[in-house]
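Architecture at a glance
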Protein chains: 2
Amino acid sequence: MTSSRSYHHGDLRRALLDAAVEAIAESGPAALSLRDLARRAGVSHAAPAHHFGDKAGLLTALATQGFDRLGEALRGAGDDFRESGVAYVVFAVRHRAHFEVMFRPDLYRADDPDLVAARERTGELLRGGVSRHTGREPDVDALAAWSIAHGFAELWLAGALPTRVGADPEPAARAVVGRLFS
Amino acid sequence: MTSSRSYHHGDLRRALLDAAVEAIAESGPAALSLRDLARRAGVSHAAPAHHFGDKAGLLTALATQGFDRLGEALRGAGDDFRESGVAYVVFAVRHRAHFEVMFRPDLYRADDPDLVAARERTGELLRGGVSRHTGREPDVDALAAWSIAHGFAELWLAGALPTRVGADPEPAARAVVGRLFS
DNA sequence: GCGGCAATCTTGTCAGCGACAAGATTGGAC
DNA sequence: GTCCAATCTTGTCGCTGACAAGATTGCCGC
């Protein structure tokens, strides 16, 4: 990172994305402001426009990054179906900001080539991992597995779950996801 | 409905909520503007403030309405577990605007008394309906059922599902939800 | 009927935001 | 060493949410 008083920031694009993650984690994607990100990064209010065009452009980049990182997390979970589901939930909770943007296509440009590619890669991974596990009707099985992991993650993030589920999502996620194909 | 040129609107609160549903269905909750709603209802830009205080107040009312209507939809589905899940998904798709607000507590006041009451009522209904169906470990079963229906609905609304699932969510939802406890 | 009151709606204003335009600064290619 | 393109700044505009103050009207008691 270069000196803070230099005219050129050095790595503003990354700094803005990091600041966006921080801001979204604090107040949700709805309250995100480009000018606030610029302040956090110590640049002028118009600097973000050069790297992302507009707000949707920044969120497109964030969603793309999210799909890529979700892919890594799923690969790290191995072939086991249940662990993939748990990894999906853990990713959503640990990378809340990314996750909250990824599945709100009204916030970004869903037809952006880079984003489409990242989403396809991770989607294929998701579908393949499940249909490899069970023999018959892979489509419905994959959809069911994706749905249950995604639903649990969304409900957890929304704070909709009863408090007795506990503070750690992982054991609850393992139990819930395990109910499939049992 | 009173004459459009009268000083008092007559039923502005309802008109604004209806307009909000329309606007959110068109462009998502992020693009919602109180001034746009006022224009749609034919009143001045400051009129909404009297009924809802601020934007969060309006969305709180919309979410409350949504939880109540989801409760009605679930009651209409009867005691059958699978049909409850399908009804949940159908509600999400048919009342997209309400659903999209209900599970985004960062958009409204989640501690509002009326909202909390409506959410509790529907939540109890959701949990009770499922644990009545299966005998053992009702908590995990209820959570799994809620998760799979909620996840499928969210993925459908986000446009994340492969196109071959089809244009009608109901048969796909029935198949996916049916995978639980099978 | 009618006086007054409270609910409802209007006009006016302010700061913050996203987007755009035009200019300043700088690193690097040649 | 010069020039160019990438990067960042300053300035501006219309839109938005929120607040303040005033206008209109339905309604209740008498």
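Residues numbered from 1 in each chain as written. Chains lettered and ligands numbered in written order. Predicted model: local features only at pLDDT ≥ 70, side-chain atom pairs only at ≥ 80, totals over all residues. Heavy atoms only, no water.

1. A word on the overall build of chain A
On a plain count of helices and strands, chain A comes out with 9 helices and 0 strands. Overall, chain A is about 60 × 40 × 30 Å in size when its C-alpha atoms are taken along their principal axes. By the burial criterion, 47% of the 182 residues in chain A qualify as buried. Put simply, of all contacts in chain A between residues at least 6 apart along the chain, 65% involve residues at least 24 apart. Put simply, chain A shows about 8,900 Å² of open surface, and 50% of that area lies on carbon and sulfur atoms. (Helix = DSSP H or I, 4+ residues; strand = E, 2+ residues; numbered from the N terminus. Buried < 20%, exposed > 50% of the residue type's maximum accessible area, 1.4 Å probe, protein only. Contact = heavy atoms within 4.5 Å. Areas by Shrake-Rupley, 256 points an atom, 1.4 Å probe, with all protein chains shown as cover.)

2. Quick word on the pattern of salt bridges
All names here are of chain A. Summed over the entire model, instances satisfying the criterion amount to 24 salt bridges over all chains. Note that Glu-124 is salt-bridged to Arg-127, the shortest N-O span being 3.5 Å. Within this pair, Glu-124 and its partner Arg-127 are both found in helix H7 (residues 113-133), separated by 3 residues, close to a single helical turn. Between Arg-174 and Glu-170 there is a salt bridge; the shortest N-O distance is 3.5 Å. Of this pair, Arg-174 and Glu-170 both sit in helix H9 (residues 169-178), separated by 4 residues, roughly a single helical turn. Glu-170 gets classed as partly exposed once you look at its relative accessible area, which sits at 31%. (Salt bridge = Lys/Arg side-chain N within 4 Å of Asp/Glu carboxyl O.)

3. With respect to helix H9 (residues 169-178) of chain B
Where H9(B) is concerned, the buried positions are Pro169(B), Ala172(B), Ala173(B), Val176(B), Val177(B) and Gly178(B). At the N-terminal end of H9(B), a side-chain oxygen is found 3.2 Å from the backbone nitrogen of Glu170(B), two or three residues along, and the residue is Asp168(B). (Polar contact = N/O pair within 3.5 Å; in protein donor to acceptor, adjacent residues only side chain to side chain.)

4. Structural notes on the relation of the copies chain A and chain B
Rotating chain A by 180° and translating it 0.0 Å along the rotation axis places it on chain B, where the RMSD comes to 0.0 Å. In the structure described here, the two chain copies are related by an operation that fits a two-fold rotation axis. Here 100% of the contact residues of chain A are again contact residues in chain B; the copies associate through an equivalent surface. (Least-squares fit on C-alpha atoms with pLDDT ≥ 70 in both.)

5. A word on the domain arrangement of chain A
Residues and elements named next belong to chain A. The domain boundaries assigned to chain A delineate domain 1 (1-53) and domain 2 (54-178). The C-alpha-based centres of domain 1 and domain 2 are spaced at 26 Å. Carbon and sulfur atoms make up 77% of the surface buried where domain 1 meets domain 2, a total of about 1,200 Å² over both sides. On inspection of domain 1 and its partner domain 2, the count reaches 0 salt bridges. (Domains from an automatic or database assignment. Buried area = accessible area lost by both parts, 1.4 Å probe.)

6. What to know about the interface of chain A and chain B
Taken residue by residue, the interface counts 36 residues in chain A and 36 residues in chain B. Interface area, chain A with chain B, both sides summed: about 3,100 Å², of which 66% is carbon and sulfur. When residues of chain A are sorted by the area they lose upon contact with chain B, Leu143(A), Leu155(A) and Arg179(A) head the list and together hold 21% of the total. Arg164(B) serves as the salt-bridge partner of Asp139(A), at 3.2 Å between the closest nitrogen and oxygen. Across the chain A-chain B interface, the total number found is 4 residue pairs in polar contact (both at pLDDT 80 or more). Ranked by the residues each element gives to the side of chain A that touches chain B, the list is headed by helix H8 (residues 138-158) of chain A, at 14 residues. Across the side of chain A that touches chain B, the residue classes tally to 21 nonpolar, 6 polar and 9 charged. (Nonpolar A, V, L, I, M, F, W, Y, C, P; charged D, E, K, R; others polar.)

7. Looking at the packing of aromatic side chains
Aromatic ring pairs are described here by two measures, namely the spacing of the ring centres and the angle between the planes. Residues and elements named next belong to chain A. Enumeration over the complete set of coordinates arrives at 8 aromatic pairs over all chains. Pairing Phe-67 with Phe-103 gives two aromatic rings, centres 5.9 Å apart and planes at 70°, and the pair type is edge-to-face. Of the two residues, Phe-67 is situated in helix H4 (residues 55-76) and Phe-103 in the loop between helix H6 (96-102) and H7; the sequence distance between them amounts to 36 residues. With relative accessibility at 7%, the residue Phe-103 sits in the buried group. A network of ring pairs unites the aromatic residues Phe-67, Tyr-88, Phe-99 and Phe-103 as a single cluster. (Phe/Tyr/Trp six-rings, centres within 6.5 Å; stacked < 30°, edge-to-face > 60°.)

8. What about the side chain of Arg104(B)?
Within the secondary structure, Arg104(B) sits in the loop between helix H6 (96-102) and helix H7 (113-133). Here Arg104(B) occupies a buried position and makes no salt bridge, while the nearest side chain of opposite charge, Glu154(B), is found at 4.1 Å. Setting aside chain neighbours within four positions, we find Arg104(B) in contact with Arg104(A) and Glu154(B). (Lys, Arg positive; Asp, Glu negative; His and termini not counted.)

9. Looking at the environment of Ala19(A)
Residue and element names in this part refer to chain A. Relative to the elements of secondary structure, Ala-19 occurs in helix H1 (residues 12-27). On the basis of relative accessibility, which here comes to 8%, the residue Ala-19 falls in the buried class. On a C-alpha basis, the gap between Ala-19 and His-8 in space is 18 Å, while along the polypeptide they are 11 residues apart. Contact partners of Ala-19, with chain neighbours within four places excluded, come to Leu-37 and Arg-40.

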